[in-house]
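Structural features, examined
As a plain string of letters, each chain reads:
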Number of protein chains: 2
Amino acid sequence: MEREPMFQKQLTQSDVGKLNRLVVPKQHAINYFPPIDGSSGKIRTMLLSFEDELGKCWRFRYSYWSSSQSYVLTKGWSRFVKEKRLGAGDFVFFEQLREDNDRFFIGWRWRADTQMQDNGVAQPSVVVDGTSVQSQTPPVRESRRLRLFGVNLDC
Amino acid sequence: MEREPMFQKQLTQSDVGKLNRLVVPKQHAINYFPPIDGSSGKIRTMLLSFEDELGKCWRFRYSYWSSSQSYVLTKGWSRFVKEKRLGAGDFVFFEQLREDNDRFFIGWRWRADTQMQDNGVAQPSVVVDGTSVQSQTPPVRESRRLRLFGVNLDC
DNA sequence: CGCCACACCTGGGCG
DNA sequence: CCGCCCAGGTGTGGC
């Protein structure tokens with residue numbers, strides 16, 4: 001049951017904004033995710049399942065966009081961003097079981113300069129956004145420094 | 001092989017800016033372009049081909065945007081604007097063959113106050129733009145006062 | 001009707 | 001300098 005890192009990505013503003021999609025760097029997508037392509041395979045989209053640190057199962061639509069020749073996670077991604085309260089500069093990690101490369105896990109961490117508030121809720125010290133943004137208090141959520149991957153038989 | 005004018009439009013800043021689209025005045029679109037609509041027809045978008053003064057073929061995506069109830073040329077339009085170095089206030093002309101109304105031509109001219117520079121490159125006397133714009137020397141390009149429509153069998 | 005999912009599109013930047 | 005990524009957009013449709 002040993003996990004093997006696949007890749008990580010530092011999230012851009014677009015990855016966490018209204019576009020509701022994560023751009024998966026091309027080589028990582030090709031190397032680690034099931035093959036979808038416009039040239040060889042017929043399948044341009046599929047559903048991928050990932051277990052998070054709580055054992056919760058996240059299903060993301062994984063697509064190849066031929067117009068921009070890019071690989072993206074779309075449906076379900078925005079809910080993950082919202083629940084984990086991820087912002088630009090934060091990181092997501094993708095791992096798989098060494099002996100079963102069809103079982104995926106997803107992890108994350110806030111970027112280094114994220115500060116804790118008195119109420120134990122993380123508050124980014126700098127809000128990265130193109131437009132003017134009021135510093136808003138995020139909704140209360142459990143904050144744990146250790147995020148362990150769990151097990152979810154439904155995933 | 002006689003050409004028949006369809007309509008012309010003086011370009012707005014939005015027509016030549018980052019929106020990458022030309023708004024086609026509704027009555028002109030209905031009168032001259034193939035029918036696309038949201039109410040009656042099913043087809044909301046199509047590809048239109050136009051030959052320019054050099055015989056070069058330009059393919060534009062022609063769409064009806066129900067949200068704004070407007071007819072627009074989108075994909076490919078920005079490349080035309082850039083190559084012809086069109087700006088706000090310049091004009092584009094749309095023509096068709098009198099005996100073959102499926103064959104379209106596109107022409108253009110700079111607005112009257114466009115000045116020539118020593119190097120023969122046109123330089124608009126006034127740069128119209130919403131944001132601050134430095135007066136930049138445009139790339140060298142052939143400047144011809146007469147723009148004749150050509151023929152392109154691939155169009 | 002508002003939000004979001006989806007399939008497009010383009011320019012900038014970098015190797 | 002050119003081709004490829006990909007960050008950042010768009011309108012449309014579904015719910």
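Within an unreviewed UniProt entry, the label attached to chain A reads TF-B3 domain-containing protein, and the organism entered is Nyssa sinensis. What UniProt records for chain A under Subcellular location (unreviewed entry) is the sentence "Nucleus".

What follows concerns the protein's contact with DNA strand C. In the neighbourhood of DNA strand C, 16 residues make up the surrounding shell, with W65 and K75 of chain A together with K75, G76 and S78 of chain B lying closest. Of what DNA strand C places within 4 Å of the protein, 68% of the atoms are sugar or phosphate. At a separation of 3.1 Å, a phosphate oxygen of DNA strand C approaches a polar side-chain atom of R61 of chain A. A distance of 3.4 Å separates a base nitrogen of DNA strand C from a polar atom in the side chain of S68 of chain A. Elements with a contribution of two residues or more to the surface near DNA strand C: strand 4 (57-65) and helix 3 (77-84) of chain A together with helix 3 (77-84) of chain B.

The subject of this paragraph is the protein's contact with DNA strand D. Around DNA strand D lies a shell of 15 residues, among which K9, R21 and K26 of chain A together with Y64 and W65 of chain B are the nearest. The sugar-phosphate backbone supplies 72% of the atoms of DNA strand D found within 4 Å of the protein. Between DNA strand D and the protein, one listed contact pairs a phosphate oxygen with a side-chain N or O atom of S14 of chain A at 2.9 Å. Between DNA strand D and R21 of chain A, the relevant distance is 2.4 Å, taken from a base nitrogen to a side-chain nitrogen or oxygen of the residue. Mapped by element, the contributors of at least two residues to the surface near DNA strand D are helix 1 (13-16) of chain A together with strand 4 (57-65) of chain B.

In this section: the sheet that holds strand 3 (residues 45-51) of chain B. All names here are of chain B. The mixed open sheet is built from seven strands, whose spatial order is 1-6-7-3-4-5-2. Bordering the open sheet on either side are strand 1 (3-10) and strand 2 (22-24), each of which pairs with just one other strand. With direction set aside, neighbouring strand axes in the sheet form an average angle of 35°. Alignment of strand 3 against strand 7 (residues 100-109), held across two bridges, turns out to be parallel. Looking across to strand 7, one finds that F50 is bridged to F104. Contacts from helix 3 reach strand 2, strand 4, strand 5 (70-73), strand 6 (91-97) and strand 7 within the one sheet, and its direction differs from that of strand 4 by about 135°.

We now examine the environment of S63 of chain B. Residue and element names in this part refer to chain B. Structurally, S63 is set in strand 4. Judged by its relative accessible area of 6%, S63 falls in the buried class. Along the backbone, S63 and V24 are 39 residues apart, and their C-alpha atoms lie at a distance of 9.8 Å. Those residues in contact with S63, other than ones at most four positions away along the chain, are I36, R44, T45, S70, Y71, V72 and T74. A polar atom in the side chain of S63 sits 3.0 Å from the side chain of T45.

This model, assessed by the stated rule, comprises 21 salt bridges over all chains. Where E83 of chain B meets K56 of chain B, a salt bridge forms, and the shortest distance between an N and an O atom there is 2.7 Å. One end of the pair, E83 of chain B, is in helix 3; the other, K56 of chain B, is in the loop between strand 3 and strand 4, and 27 residues separate them in sequence. Since its relative accessible area comes to 29%, E83 of chain B is described here as partly exposed. Residue classification places K56 of chain B among the partly exposed positions, given a relative accessible area of 34%. A network of salt bridges, in which partner residues are shared, links E2, E4 and R98 of chain A.

Looking now at helix 3 of chain A. All names here are of chain A. Looking only at helix 3, the buried set comprises W77, F80, V81 and K84. Down the axis, helix 3 shows its buried residues gathered within 100° of arc, on one side only. Turned more than 90 degrees away from the buried face of helix 3, the exposed residues are R79 and K82. R85 sits one or two residues past helix 3 and shows a positive phi near 55°.

Parameters and conventions
- Residues numbered from 1 in each chain as written.
- Chains lettered and ligands numbered in written order.
- Predicted model: local features only at pLDDT ≥ 70, side-chain atom pairs only at ≥ 80, totals over all residues.
- Heavy atoms only, no water.
- UniProt positions renumbered as here; feature names shortened; annotations may be inferred.
- Near = heavy atom within 4 Å.
- Polar contact = N/O pair within 3.5 Å; in protein donor to acceptor, adjacent residues only side chain to side chain.
- Helix = DSSP H or I, 4+ residues; strand = E, 2+ residues; numbered from the N terminus.
- Pairing = 2+ DSSP bridges.
- Axes fitted to C-alpha atoms, helices over the stretch in contact; angles between N-to-C directions.
- Contact = heavy atoms within 4.5 Å.
- Buried < 20%, exposed > 50% of the residue type's maximum accessible area, 1.4 Å probe, protein only.
- Salt bridge = Lys/Arg side-chain N within 4 Å of Asp/Glu carboxyl O.
- Arc of directions from axis to C-beta.

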